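# Structural description and commentary
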Amino acid sequence: MRETSILSAGLLCSTAALALWAAPASAQSTAAEAADAGEQAQGNTIIVTARRREERLVDVPLAVTALSGDELSQRGALDITDVGQTVPNVTLEASRATNSTLSAFIRGIGQQDPVSGFEQGVGIYLDDVYLNRPQAAVLDIYDVERIEVLRGPQGTLYGRNTIGGAVKYVTKRLPLETSVKARATYGTYDQAEGVVTASTPLGDLARLGASFARLSRGGFGDNLTTGLENYNKDIWAGRASLEVGGYGEPVFIRVQGDYTKDKSNPRGGHRLIPGLASGAPVLDNVFDTRGALNDPEQDVESYGLSLHAEIEVSDALTLRSISAWRKDESFTPIDFDALPAVDLDVPGAYLNEQLSQEVQLLWDDGGPFSGLLGFYYLDAKADTLFDVRIFTTFPGLTAFTQANVDTETYAIFGDFTYDITEQLSLSVGGRYTWDERSAEILRQNYLGGGSPIFGGAGVPFGGPSTDFDGSRKFKKFTPRASISFMPTPDHNIYASYSKGFKGGGFDPRGVGANAPAAVPGAPTDAEVAAFLSFAPEEVDSYEIGYKGVIGILNLAAAAFYADYSDVQIPGSVACQVAGLPTFCGVVTNAGKATFKGVELEANLRFDSGFGLAGSFGYIDAQYDEYITNIGATPTDVAAFRVVQNTPEVTGSLTASYDTPLGDGDLYLGATVSYRSKTSQFEIPNPFLDQDGFALLDASIVYTTADDRWSFGIYGKNLLDKEYKTSGYTFVATDPVTGAIVNGANGFPIPTLGPEGTLTAFYGNPRQVFATVTFSY
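Residues numbered from 1 in each chain as written. Predicted model: local features only at pLDDT ≥ 70, side-chain atom pairs only at ≥ 80, totals over all residues. Heavy atoms only, no water.

### Topic: the overall build of the protein chain
- Assigned secondary structure in the protein chain consists of four helices and 44 strands.
- In terms of overall dimensions, the protein chain is globule-like: its C-alpha atoms have a radius of gyration of 26 Å, near the 28 Å expected for 776 residues.
- The dimensions of the protein chain, computed from C-alpha atoms along their principal axes, are 70 × 55 × 50 Å.
- The 776 residues of the protein chain split such that 59% are buried.
- Restricting to contacts in the protein chain with at least 6 residues of sequence separation, those with at least 24 account for 69%.
- Approximately 28,800 Å² of the protein chain is accessible, and the part contributed by carbon and sulfur atoms is 60%.
- On the protein chain, the mean spot of the 56 positive side-chain charges and the mean spot of the 94 negative ones are 1 Å from each other. (Helix = DSSP H or I, 4+ residues; strand = E, 2+ residues; numbered from the N terminus. Rg over C-alpha atoms; globule rule 2.2 N^0.38 Å. Buried < 20%, exposed > 50% of the residue type's maximum accessible area, 1.4 Å probe, protein only. Contact = heavy atoms within 4.5 Å. Areas by Shrake-Rupley, 256 points an atom, 1.4 Å probe, with all protein chains shown as cover. Lys, Arg positive; Asp, Glu negative; His and termini not counted. Charge placed at Lys NZ, Arg CZ, Asp CG, Glu CD.)

Right, here's the structure in full:
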């Protein structure tokens, strides 16, 4: 992989640190402390930092959900995907055939394609550092202060512009005194986890801390061909930090490093139809598989360094710098057909690296005017390599792809609030983004086996069908505005507008030889570039909302409307290249879509210790225009397309009860979450689409009076609901309606490989586990 200079990263971090140490100072930023404090309860008041400053949740004119580390612990949340169960109009799930790649959608906007070239529609932030790629983004929950979910376009407050929303994962800052916390977990499927967190002061100003996690679980099923457990978990992870200042000191600096090693087995899919050539029956256990591909062995490694530094230059002005370098490597064997034969096998590798720098100036003098001005830079490299092996179609036939896609982006952004009166506030913001996308794409056929890159014995057959090197630049101004009316300090009625933008790029799976040529013969470089490229997408988002604190009730309601244009829809289809069958990338800027809906979140806390928390989301998401080529004729097929990973209705209800027991405290809680019918792709598929379903979770937690010990028993998916989360399909469909076309045998006609590929992946079955936690 092409390396981002580590020396440059070190110089960048060092320069930022020196600049902050040299700046004058007089007081400590309360916003800095709030960023550490997460979601706090002050009576019935919730404090968040969604706008990069300490505010009550009721004051924020944004649709934001904040989940504290304590709340996540009480519910037994295992990783970041659990958050999606209780936040309205949000989908967070592990991508198809992976354990650690994240697919994220908020209010219908997202991206489930993990290959290089496609930006994510939802930004994932780890301690204010934007994760440019979805690989290794299924973050396990340990040592977490809070998780915030912001719905709608973001860009005037956060480093990277994101068109759909943002999910912020914030770890705990180190305490002033020596601290040790240990957690041990054991449960069904041989779940065994251990997390140890410790910190100690180094003199009066500095603190050193570290967390270590071992997370393991046996498989929910088995690979009947390789003998490996399927859907298992095998993770080692750690995080270390050095903090200087804070707690009343004028300067705060945090240097942090993290490392994760995931050696889980490859996740094999469940065939939904018999093998159309072999007659292999559909397996009874949806967590069992038969795919034989296990080279390369599954291996995911991710790590990073960051430096967060801030100083309060005066009582009103704060300077903040966030410098980061990250790298991850994923090697994965994906057996699309889930059978022993090499019918459609894809060994793959994802190699990512990024360097980012963010600088902010924050103004808040306690008067009517406050604001933030920022600069952001990102240099990211994403390399995707994979074989497509279809030996049963043509002996030893392989299409190898290497797609190196670089992103370099600069942005300036600002967001400012003016209190017109004590009750009426106006906020305006804007962002100007410069993106440059560069791509090197090589596509080469091999015969006689797989490509040498993945240890195959194949030899090149003909010249490359794609040999592309090019770049495109995109720039855009995206504004935001909101007005807030607070008739009393505990009620907020607001309206907002924001524009979202996501740059275009190049299809890493595109076949340049298939580009249409203006004259007979091979297409020109310009024609290949036009064929492989896709345009930016944009959204205009409008929202009105209410937030209020009414006695024991916290309430937030929002209605939204979004015009979405030039929607980027990546996909893969069977095709012919130089007379040989293979598969090709197909990217559509679908045209126009309209999203409108409502969201409701409520939290009731009674003096008796009984509590109720609920959420409800409804979205009407539809394509108004979806142009695709039927033969050589552009055709609008919007009436037959749906928005993927966006159920019409989402909801949850949590009932809890806190009561003294002996010298300690007993917590009882149960959560029911619901999602209506969900389509995995834009073309509805009766095999892969998931009907509406509900999940039931429950927990019992006892904490001793001194908070030293905690004992918990947790149940996830207690009713053992079987539900699909993703899948693969390579079967014939009607080009307009998308209806699956069956053959004479009554089964779908395969389009790539004679066995046919209709493969599904499922959410976790029932799990029960117990946890013991010790704190000192």
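Moving on, there is more to tell.
### Points about the sheet that holds strand S5 (residues 90-94)
- Spatial ordering of the open sheet is given by S5-S6-S7, a layout of three strands whose pairing is antiparallel. Sheet topology places S5 and strand S7 (109-111) at the edges, where each strand pairs with a single neighbour. Taking the axes of each pair of neighbouring strands and ignoring which way they run, one obtains an average angle of 10° across the sheet. (Pairing = 2+ DSSP bridges. Axes fitted to C-alpha atoms, helices over the stretch in contact; angles between N-to-C directions.)

### Remarks on the confidence of the model for the protein chain
- When pLDDT is averaged across the protein chain, the result is 91; 93% of the residues are at 70 or more.
- Predicted confidence for residues 1-43 stays below pLDDT 50, and this span has 105 contacts to residues more than four positions away or in other chains. (pLDDT = per-residue confidence, 0-100.)

### A closer look at the nonpolar core
- Membership of the largest hydrophobic core comes to 33 residues, with the highest contact counts inside it found for Ile334, Phe336, Leu344, Val388 and Tyr762.
- Looking at this core, the elements with two or more residues in it are strand S22 (345-364), strand S23 (369-389), strand S34 (580-589), strand S42 (724-730) and strand S43 (757-762).
- Looking at this core element by element, the count peaks at four residues for S43. (Core = buried A, V, L, I, M, F, W, Y, C linked by side-chain atoms within 4.5 Å.)

### Here's the deal with the packing of aromatic side chains
- In this structure the tally under the stated criterion is 29 aromatic pairs.
- Relative to Tyr410, the ring of Tyr377 lies with its centre 4.9 Å away and its plane at 50°, an arrangement referred to as tilted. Here Tyr410 lies in strand S24 (residues 398-419) and Tyr377 lies in strand S23, a separation of 33 residues in the sequence.
- On the basis of an interplanar angle of 50° and a centroid distance of 5.1 Å, the ring pair of Phe468 and Phe506 is categorised as tilted. Here Phe468 is found in strand S27 (residues 466-485), whereas its partner Phe506 is found in strand S29 (residues 505-506), with 38 residues between them in sequence. No difference in accessibility class separates Phe468 from Phe506, as the two residues are buried.
- By the ring-pair criterion, three or more aromatic residues cluster together here, those being Phe336, Phe386, Phe583, Tyr728, Phe730 and Phe761.
- Positioned above the aromatic ring of Phe560, the side-chain terminus of Arg107 is 4.2 Å from the ring centre. (Phe/Tyr/Trp six-rings, centres within 6.5 Å; stacked < 30°, edge-to-face > 60°. Lys NZ or Arg CZ within 6 Å of the ring centre and 35° of its normal.)

### Notes on a nonpolar patch on the surface
- The grouping of Leu361, Trp363, Phe369, Leu373, Phe416, Tyr418, Ile420, Leu426, Val428 and Ile483 at the surface amounts to a nonpolar patch, some 840 Å² of accessible area in total.
- Here Leu373 is to be found in strand S23.
- Taking relative accessible area as the criterion, Leu373 reaches 47% and is therefore assigned partly exposed. (Patch = residues over 30% accessible without salt bridge, like charges linked within 9 Å, V, L, I, M, F, W, Y side chains within 5 Å. Salt bridge = Lys/Arg side-chain N within 4 Å of Asp/Glu carboxyl O.)

### Some points on a negative patch on the surface
- Together, Asp563, Asp624, Glu625 and Asp636 make up a region of like negative charge exposed at the surface.
- Within the secondary structure, Asp624 is located in strand S36 (residues 610-630).
- Judged by its relative accessible area of 37%, Asp624 is partly exposed.

### Some words on the side chain of Lys716
- Its location among the elements puts Lys716 in strand S41 (residues 709-716).
- A relative accessible area of 8% places Lys716 in the buried class.
- Within the local environment of Lys716, its side chain forms a polar contact with the side chain of Asp697, the two groups lying 3.4 Å apart.
- When residues no more than four places from it in sequence are discounted, the contact partners of Lys716 are Arg75, Gly76, Ala77, Asp82, Leu696, Asp697, Pro765, Arg766, Gln767 and Phe769. (Polar contact = N/O pair within 3.5 Å; in protein donor to acceptor, adjacent residues only side chain to side chain.)

### Quick word on the state of the cysteines
- Counted according to the given criterion, the structure contains one disulfide.
- In this model Cys575 forms its disulfide with Cys584; the gap between the sulfur atoms is 1.8 Å. Judged by the sign of its S-S torsion, about 70°, the cystine formed by Cys575 and Cys584 is right-handed.
- You can call Cys575 buried: its relative accessible area is 16%.
- In this structure Cys584 comes out as buried when scored by relative accessible area, which is 5%. (Disulfide = S-S within 2.5 Å.)

### Some thoughts on the sheet that holds strand S9 (residues 129-130)
- Pairing is mixed across the open sheet formed by five strands, whose spatial order is S4-S10-S11-S8-S9. In this open sheet, the two strands that pair with only one neighbour each are strand S4 (63-68) and S9.
- In terms of strand pairing, strand S10 (residues 144-151) meets strand S11 (residues 165-171) through seven bridges, oriented antiparallel. Its bridge partner lying in S11, Val144 is registered against Thr171.

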